[in-house]
Amino acid sequence: KCISHPGLSLFLANRHELVAQFMLNDTLRDDSQTCIRTFQENGVNIHILSGDQQHAVERVARDLGIEQFQAEQSPEQKLAYVNHLQSEGKQIAMVGDGINDLPVLSGAKLSIAMGEASDITKLNSDAVLLNGHMSVLNEAFQYAQQTRKIIKQNITWAILYNLSMLPMAAAGWVPPYFAALGMSLSSL
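Reference entry: report on the structure contained in this document. (Residues numbered from 1 in each chain as written. Predicted model: local features only at pLDDT ≥ 70, side-chain atom pairs only at ≥ 80, totals over all residues. Heavy atoms only, no water.)

**Some thoughts on helix α2 (residues 54-64)**
Here is step 1 of the chain: Inspection of α2 places Ala56, Val57, Arg59, Val60, Ala61 and Leu64 among the buried residues, and these make up the whole buried set.
Here is step 2 of the chain: Close packing links the buried residues of α2 with α1 (32-41), β3 (47-49) and β4 (68-70).
Here is step 3 of the chain: Residue Gly65 follows α2 closely and has a positive phi angle near 75 degrees. (Buried < 20%, exposed > 50% of the residue type's maximum accessible area, 1.4 Å probe, protein only. Helix = DSSP H or I, 4+ residues; strand = E, 2+ residues; numbered from the N terminus. Contact = heavy atoms within 4.5 Å.)

**Considering the packing of aromatic side chains**
Here is step 1 of the chain: Summed over all chains, the structure comprises two aromatic pairs.
Here is step 2 of the chain: Their ring planes at 90 degrees and their centres at 5.3 Å tell us that Phe39 and Phe141 sit as a pair that is edge-to-face. In this pair, Phe39 is assigned in helix α1 and Phe141 in helix α6 (residues 135-171), connecting sequence segments 102 residues apart.
Here is step 3 of the chain: Between Trp157 and Tyr161, the ring centres sit 6.1 Å apart and the planes meet at 40 degrees, which makes this aromatic pair tilted. (Phe/Tyr/Trp six-rings, centres within 6.5 Å; stacked < 30°, edge-to-face > 60°.)

**Considerations on the pairing of strand β1 (residues 8-13)**
Here is step 1 of the chain: Of the strand pairs in this sheet, β1 and strand β2 (residues 18-24) are connected by six bridges, and their pairing is antiparallel. Across the sheet, the residue bridging to Phe11 is Gln21, located in β2.
Here is step 2 of the chain: Counting the residues between successive antiparallel strands, the hairpin from β1 to β2 contains four residues. (Pairing = 2+ DSSP bridges.)

**Things to note about the pattern of salt bridges**
Here is step 1 of the chain: By the definition in use, this model includes four salt bridges.
Here is step 2 of the chain: Its salt-bridge partner being Asp63, residue Arg59 comes within 3.7 Å of it at the nearest N-O pair. Taken as a pair, Arg59 and Asp63 lie in helix α2 at a separation of four residues, close to a single helical turn.
Here is step 3 of the chain: In this structure, Asp101 and Lys78 form a salt bridge, with 2.8 Å as the shortest nitrogen-oxygen distance. Here the residue Asp101 occupies a position in the loop between β5 (93-96) and α4 (102-107), and Lys78 occupies one in helix α3 (residues 75-87), the gap between them amounting to 23 residues.
Here is step 4 of the chain: We classify Asp101 as buried; its relative accessible area is 7%. (Salt bridge = Lys/Arg side-chain N within 4 Å of Asp/Glu carboxyl O.)

**Quick look at the environment of Trp157**
Here is step 1 of the chain: Structurally, Trp157 is set in helix α6.
Here is step 2 of the chain: Residue class for Trp157 comes out partly exposed when judged on its relative accessible area of 46%.

**With respect to unusual backbone geometry**
Outside of glycine, negative phi angles account for most residues, and trans bonds account for most peptide bonds.
Here is step 1 of the chain: With phi around 55 degrees, Glu72 is a residue other than glycine that occupies positive phi space.
Here is step 2 of the chain: Following the sequence through the fold, Glu72 ends up in the loop between β4 and α3.

**Quick notes on the sheet that holds β5**
Here is step 1 of the chain: Taken in spatial order, the three strands make up an open sheet running β5-β6-β7, and their pairing is parallel. With partners counted over all chains shown, the strands left at the sheet margins are β5 and β7 (127-129), one partner each. Adjacent strand axes in the sheet meet at a mean angle of 25 degrees when their direction is disregarded.
Here is step 2 of the chain: Across three bridges, strand β6 (residues 110-114) lies against β7 in parallel orientation. Each bridged residue has a counterpart across the sheet, and for Ile112 the counterpart in β7 is Ala127.
Here is step 3 of the chain: Each of β5, β6 and β7 is contacted by α6, which is oriented at about 150 degrees to β6, the strand it contacts most. (Axes fitted to C-alpha atoms, helices over the stretch in contact; angles between N-to-C directions.)

Laid out in structure tokens, this is it:
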């Protein structure tokens, strides 16, 4: 007797009867829900692009709280989907692990391969997640935001310094060595 379930079923039979049924399901990484929720709380829209069957992808999307998902996608369809989002001005970071993800990883603004991905997938990605913990993605994006904030502060400081101190040094109101010292300190 066959049992119906939402995953993939493999059957083993001899010439006369069904001997066994193997039911396979994808399991979520332990920290997947936390990772996805953190991104969503920070205003990041998450999409799933998968070559897997509709019911399997729908179950994973539901379990993770992801509203946008595409199932039974070829590598070319995944790439077209990402290209469409990028043509709308969206910044795309793609995370993948299979050879079938190569085109879309190459086409995304930022591509991240999972640690257990194939070697060719890792080579064609901008970054490789070595330890397999999804929470590292959250940390990386938080550090990137902090770094961008610091860079903007430094540029603002340098522009304000140059707009105020250099004219004062040129007018003779501030000694040139003081202006040069201040410029060096602002660079540091």
